[in-house]
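Residue-level listing of the chains:
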Amino acid sequence: MDRAQKEQLVEELGQIFEASGVVVVAHYEGMTVAQMQDLRAQMREAGGSVRVAKNRLAKIALDGKPCASIADYLTGMTVLAFSEDPVAAAKVADKYAKGNDKFVILGGAMGDTALDPAGVKAVAQMPSREELIASIVSCIGAPAANIAGAIGAPASNIAGILSTLEEREAA
């Protein structure tokens, strides 16, 4: 890899570190190519990506970035899992680590916040962006449904009273 390619890679990694909602660092020593492809596919489905880069170049790219705290984790055979969604990459990495003992989560970062392996697991248990939006919409929609029910209730009560009065008159 010549100097121009290294500079381009450092630039790409820098953009990844700035744009990502979460970055997870893990060791992948002993994983097969098929296992790595499976991890990449799962991450892609969740809206994230997986990147293997030289630790030295990744440390250069981290300089001055919000997630610079992960530089200490960049030793040995490391892989970076990242996503714009603040929980997607952590969810996939945690799930994958449970099924593959060769994939070991070292830590990560969520913006300025450094995450240890337990922190990554905690982020993975948080609801995703879509789940949060759905719960907010249901909370917003519930009062409107209650208001519509309250407005319609007097009319239905009056209708019930009128039908009862009609039945009494008919009898």
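Residues numbered from 1 in each chain as written. Predicted model: local features only at pLDDT ≥ 70, side-chain atom pairs only at ≥ 80, totals over all residues. Heavy atoms only, no water.

Novice: How should the nonpolar core be read in this particular structure?
Specialist: In globular proteins that are soluble, nonpolar side chains generally tend to be buried together. Counting 23 residues, the largest nonpolar core has V24, M36, L39, M43, V79 and F103 as its most contacted members. At the level of secondary structure, the elements contributing two or more residues to this core comprise β1 (22-27), α2 (33-45), β3 (78-83), α4 (88-99) and α5 (117-124). Ranked by the residues each element gives to this core, the list is headed by α4, at five residues. The contact partners of M43, leaving out residues within four places of it in the chain, are G48, S49, V50, A81, A89, V92 and A93. Counting 19 residues, the second largest nonpolar core, distinct from the first, contains A53, C67, L80 and L106. (Core = buried A, V, L, I, M, F, W, Y, C linked by side-chain atoms within 4.5 Å. Buried < 20%, exposed > 50% of the residue type's maximum accessible area, 1.4 Å probe, protein only. Helix = DSSP H or I, 4+ residues; strand = E, 2+ residues; numbered from the N terminus. Contact = heavy atoms within 4.5 Å.)

Novice: So what exactly am I meant to see when it comes to the packing of α2 against α4 here?
Specialist: If you want to describe how two helices pack, look at the angle between their axes and the distance between the axes. The contact between α2 and α4 brings their axes to 10 Å, and the two run at 145°. Crossing of α2 against α4: the hand is right-handed. Contact residues: α2 offers Q35, M36, D38, L39, Q42 and M43, while α4 offers A89, V92, A93 and Y96. Of the residues belonging to the contact of α2 with α4, the class tally is seven nonpolar, two polar and one charged. (Axes fitted to C-alpha atoms, helices over the stretch in contact; angles between N-to-C directions. Left-handed = near helix turned anticlockwise from the far one by under 90°. Nonpolar A, V, L, I, M, F, W, Y, C, P; charged D, E, K, R; others polar.)

Novice: Explain the packing of aromatic side chains to me, please; I cannot follow it from the model alone.
Specialist: Given two aromatic rings, their pairing is described by the distance between the two centres and the angle made by the two planes. On inspection of all chains with the given rule, the structure shows one aromatic pair. A ring pair is formed by Y96 and F103, whose centres lie 5.5 Å apart and whose planes are at 85°; its orientation type is edge-to-face. An identical accessibility class is assigned to Y96 and F103; each is buried. (Phe/Tyr/Trp six-rings, centres within 6.5 Å; stacked < 30°, edge-to-face > 60°.)

Novice: Before we go on, may I ask you to explain the pairing of β3 in this structure?
Specialist: The side chains of a regular strand alternate between both faces of the sheet. Buried residues dominate β3, accounting for six of its six residues. Residues of β3 alternate between two faces, with T78, L80 and F82 on one and V79, A81 and S83 on the opposite face, all of them buried. When β1 meets β3, the two strands line up antiparallel, connected through six bridges. Within β3, the position partnered with V22 by the bridge is S83. By the bridge criterion, four bridges tie strand β2 (residues 48-51) to β3 in an arrangement that is antiparallel. Each bridged residue has a counterpart across the sheet, and for S49 the counterpart in β3 is F82. (Pairing = 2+ DSSP bridges.)

By themselves, these are just geometric observations and shouldn't be taken as functional.
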